[in-house]
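So you can see what is in the structure, the chains are spelled out below.
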Amino acid sequence: MIISGLSRCFRLTLLRSHSTTPALRQGVPGWKLGRLNHIAIAVPDLEKATSLYRDVLGATVSDKVPLPEHGVYTVFVELGNTKLELLHPLGEKSPIAGFLQKNKAGGMHHICMEVDDIHAAIADLNAKNIRTLSAEPRIGAHGKPVMFLHPKDCDGVLVELEEA
């Protein structure tokens, strides 16, 4: 497996999730990376985006849910093997508003992967110099603890970890 060109964040997750040899698995801390939970897409028009996935593509979509503590409205699109999370700004200090100012048409905002123990994952990643965007996990859209990893440590991708 060629991983030399990848960031520390993705080298660690690739080794952890794909290695089955005891030599590479030694010293792995007490947490496990799980499945892809969702891909989040920032959208300038939530109703239009919801209509695209529901009415044009035939997907099952959730109701619009405000998450004021995160500064977003969310709509989840069910895909069978994962979900899309449509994000729209809620309030003036929304991080999505800033994203949409730079990306007028919207676009991919982050990916979310599950972990079995978010506190152990955070401690281990911090020890490996992977920065988080907050000091402590917050409750996410699914009612579970989440933590975002700094995109500069993850190949330019904003990574959300969610406790499974």
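Predicted model, so just to flag it, every value in this text is computed and none were measured. Think of each chain on its own: its residues are numbered from 1, step by step along the sequence as written. Only residues with pLDDT of at least 70 are given local features in this predicted model, and only at 80 or more are side-chain atom pairs given and counted; all residues enter the totals for whole chains, interfaces and linings. Water and hydrogen atoms were dropped before computing side-chain values, which therefore reflect all heavy atoms in the structure.

### What about the side chain of Glu160?
Turning to step 1, where the next piece is worked out: Helix and strand assignments come from DSSP, with helices taken as H or I runs of at least 4 residues and strands as E runs of at least 2, each series counted from the N terminus. Checked against the element boundaries, Glu160 lands in strand 9 (residues 159-163).
Turning to step 2, where the next piece is worked out: For the buried Glu160, which has no salt bridge, the nearest side chain bearing the opposite charge is Arg138, at an N-O separation of 8.7 Å.
Turning to step 3, where the next piece is worked out: For the purposes of these results, a polar contact is taken to be a pair of N or O atoms within 3.5 Å, where, inside protein, one atom must be able to donate a hydrogen and its partner to accept one; residues adjacent in sequence count only when each atom of the pair is a side-chain atom. Here His38 takes part through its side chain, which lies 3.2 Å from a polar atom of the side chain of Glu160.
Turning to step 4, where the next piece is worked out: In what follows, a contact means two residues having at least one pair of non-hydrogen atoms within 4.5 Å. Not counting residues up to four positions away in its chain, the partners in contact with Glu160 are His38, His110, Ile111, Cys112, Met113, Val146, Met147 and Phe148. Partly exposed residues are those whose accessible area sits between 20% and 50% of the maximum for their type, while under 20% is buried and over 50% is exposed, using a 1.4 Å probe and protein chains only. Asp and Glu are treated as the negative residues and Lys and Arg as the positive ones, with His and the ends of the chain left uncounted. Any Lys or Arg side-chain nitrogen found within 4 Å of a carboxyl oxygen on Asp or Glu counts as a salt bridge.

### Brief notes about the pairing of strand 9
Turning to step 1, where the next piece is worked out: When you tally the buried positions in strand 9, you get four out of five residues, the bulk of the element.
Turning to step 2, where the next piece is worked out: The pairing of strand 6 (residues 107-115) with strand 9 spans five bridges and is parallel. Paired with Ile111 across the strands is Val159, a residue of strand 9.
Turning to step 3, where the next piece is worked out: In this description, strands pair whenever DSSP reports at least two bridges between them. Of the strand pairs in this sheet, strand 8 (residues 145-149) and strand 9 are connected by four bridges, and their pairing is antiparallel. Paired with Phe148 across the strands is Glu160, a residue of strand 9.

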